[in-house]
Amino acid sequence: MTNRRAFIASTTAAVAGAALPLLASAQAFPSRPIKYICPWPAGGSTDAVIRALAESAGKTLGQTIIVENKPGAGGMLGANEMMSAKPDGYTLTQLPHGVFRIPHMQKVQYDPLKDFTWIACLTGYTFGLVVPADSPIKSIKDLVAYAKANPEKFTYGSTGTGTSPHLAVEEFAQRAGIKLTHIPFKGNADNMQAILGGHVMAASDATGWGPHVESGKLRLLATYGSKRTKRWPNVPTLTELGYDTVSDSPFGVCGPKGMDPAVVATLHEAFRKTLNDPAVLATFDKYDQSVIYMNTAQYTRFARETFAAEKATIERLGMSFKG
């Protein structure tokens, strides 16, 4: 009995000793700067929002959060980096809505349900379709009429193949019975340069077009939300025009799989507090984004449900991966 007690005591001590470094690690986190990947170009609306979130959360954590832009591949380069990143909380990313959709369209190196930690959802986009102010297309009705008379001649840019701004227009086009020509770009900044330079006839994007609409350079034809926007209340949604198309693409902060729950909880709380920061909320307002908060469990469930829903959408559009 004495030997057994001695064995239990020594084993318990050993287990406790082994756990101490893990506990200390979680308590010490973060002890150095954190990288937060923005998978879009600098200067766009997502970049501005992520920088505001990073600055605010960094104050709570007592460490700098460095935003690193990795544009291209329809916003999937952050997802790709998570596959090799250490799950220590020092490498985070935005995972845009395309992460649920693109695996149904082409071969990818990640599984959205197994390879990421969904830490917190914070906001979501307002998407819309804009044309130059001097365009003869003054409404969605005009666009549909032009496209029916000129199949595939109406060109529009988006932030990449498989992104929400791309798929929303494709869904609208299918419902309208028209064929358009899609031109993908790396992100909002490139898309805006293309339409302002006359290289495309329209642009489907998040509200990085807002300042150009307000300055009179671009005309907003429709938005894709479930209701009209606060900033452009006179502009109709695609759904109310008779084309049942809704897209808002919630997003927040994510990490690699296998993260320490204590580190996840620390990051979640820091980013949750950003939603009370006037500077963050002002940035949301600037780009007509609202607070869309989900905690870690809710965001994980959302990922699972959205992955299944996107499969059905891609199949309906006839864009499923055939490999």
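Below, the structure is looked at part by part. (Residues numbered from 1 in each chain as written. Predicted model: local features only at pLDDT ≥ 70, side-chain atom pairs only at ≥ 80, totals over all residues. Heavy atoms only, no water.)

A word on the packing of aromatic side chains. By the definition in use, this model includes 14 aromatic pairs. Clustering of aromatic rings is evident, with ring pairs tying together Phe100, Tyr110, Phe116, Trp118, Tyr299 and Phe302. Geometry around Tyr90 places Arg32 over its ring, the cationic atom sitting 3.7 Å from the centre. (Phe/Tyr/Trp six-rings, centres within 6.5 Å; stacked < 30°, edge-to-face > 60°. Lys NZ or Arg CZ within 6 Å of the ring centre and 35° of its normal.)

Orientation of helix α6 (residues 164-176) relative to helix α11 (residues 296-316), taken along the N-to-C sense of each, is 45 degrees, at an axis distance of 11 Å. The orientation of α6 relative to α11 falls into the category oblique. Where α6 crosses over α11, the handedness of that crossing is left-handed. Residue-level contacts link Leu167, Glu171, Gln174 and Arg175 of α6 to Thr313, Ile314 and Arg316 of α11. When its residues are assigned to classes, the contact of α6 with α11 shows two nonpolar, two polar and three charged. (Axes fitted to C-alpha atoms, helices over the stretch in contact; angles between N-to-C directions. Helix = DSSP H or I, 4+ residues; strand = E, 2+ residues; numbered from the N terminus. Parallel < 35°, antiparallel > 145°, perpendicular 65-115°, else oblique. Left-handed = near helix turned anticlockwise from the far one by under 90°. Contact = heavy atoms within 4.5 Å. Nonpolar A, V, L, I, M, F, W, Y, C, P; charged D, E, K, R; others polar.)

The next point concerns helix α9 (residues 261-273). Given a rise of 1.5 Å per residue, 13 residues ought to cover 18 Å, and the 18 Å separating the end C-alpha atoms of α9 matches this to within 8%. Residues of α9 that are buried include every one of Val263, Val264, Leu267, His268, Ala270 and Phe271, and no others. Buried residues of α9 fall within an arc of 165 degrees about the axis and therefore sit on the same side. Regarding α9, its N-cap is Asp260, as a side-chain oxygen of that residue lies 2.8 Å from the backbone nitrogen of Ala262 further along. (Expected span 1.5 Å × (residues − 1). Buried < 20%, exposed > 50% of the residue type's maximum accessible area, 1.4 Å probe, protein only. Arc of directions from axis to C-beta. Polar contact = N/O pair within 3.5 Å; in protein donor to acceptor, adjacent residues only side chain to side chain.)

Next up on the list: unusual backbone geometry. Looking along the chain, the bond that leaves Phe29 and enters Pro30 is cis, with omega of -5 degrees. Inspection of the secondary structure puts Pro30 in the loop between α1 (2-28) and β1 (34-38). Located in the positive-phi region is Glu152, a residue other than glycine, with phi close to 65 degrees. Its identity as a non-glycine residue notwithstanding, Ser249 has a phi of 50 degrees, on the positive side. Relative to the assigned elements, Ser249 resides in the loop between β9 (218-223) and β10 (250-256).

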